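Observations on the model geometry
Residues per chain, in single letters:
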Amino acid sequence: MSKFSKFIKDIVLPEDVGKERRKKILSEGLIETWQSEEQDRKAKEAKEAKEIAKETYKKARASKTES
């Protein structure tokens, strides 16, 4: 095992990190994994924000028609 791989396994990937994530980081690389996870997180946040906006719009329209 190279020194870099050993560093990642020992320092960057502590035992509390799941095996799947550890394998992903070791196979894809650390930076690529972080970037892909960040993109997934942003997409999820955007989807949640869109759903909240949709619900808020529905409630606003419902209250407007009641008036």
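Cut-offs applied
- Residues numbered from 1 in each chain as written.
- Predicted model: local features only at pLDDT ≥ 70, side-chain atom pairs only at ≥ 80, totals over all residues.
- Heavy atoms only, no water.
- Helix = DSSP H or I, 4+ residues; strand = E, 2+ residues; numbered from the N terminus.
- Buried < 20%, exposed > 50% of the residue type's maximum accessible area, 1.4 Å probe, protein only.
- Areas by Shrake-Rupley, 256 points an atom, 1.4 Å probe, with all protein chains shown as cover.
- Patch = residues over 30% accessible without salt bridge, like charges linked within 9 Å, V, L, I, M, F, W, Y side chains within 5 Å.
- Salt bridge = Lys/Arg side-chain N within 4 Å of Asp/Glu carboxyl O.
- Lys, Arg positive; Asp, Glu negative; His and termini not counted.
- Charge placed at Lys NZ, Arg CZ, Asp CG, Glu CD.
- pLDDT = per-residue confidence, 0-100.
- Contact = heavy atoms within 4.5 Å.

1. Some points on the overall build of the protein
Counting its secondary structure elements, the protein contains 3 helices and 0 strands. Every one of the 67 residues in the protein was classed for burial, and the buried ones make up 12%. Working note: accessible area of the protein is about 6100 Å², and carbon and sulfur atoms make up 55% of it.

2. A few points about a negative patch on the surface
Side chains of Glu45, Glu48, Glu51 and Glu55 sit close together on the surface and give a patch of like negative charge. Glu48 sits in the partly exposed class, given a relative accessible area of 40%.

3. Section: the confidence of the model for the protein
Residues of the protein with pLDDT of at least 70 account for 79%, and the chain-wide mean is 80. Confidence, expressed as mean pLDDT per element, reaches its minimum in the protein at helix 1 (residues 3–12) with 68 and its maximum at helix 3 (residues 30–66) with 88.

4. Looking at the pattern of salt bridges
A side chain of one charge can pair with a side chain of the opposite charge when the charged atoms of the two come close. The full count for this structure, using the stated rule, is 1 salt bridge. When the shortest N-O distance is used, the salt bridge between Lys42 and Glu38 registers 3.5 Å. Of the two residues, Lys42 and Glu38 are both situated in helix 3; the distance of 4 residues between them amounts to about one turn of the helix.

5. Notes on the environment of Lys24
Here Lys24 shows up in helix 2 (residues 19–28). For Lys24, a relative accessible area of 26% puts it in the partly exposed group. With residues up to four places along the chain from it excluded, the contact list for Lys24 reads Gly29, Thr33, Ser36 and Glu37.

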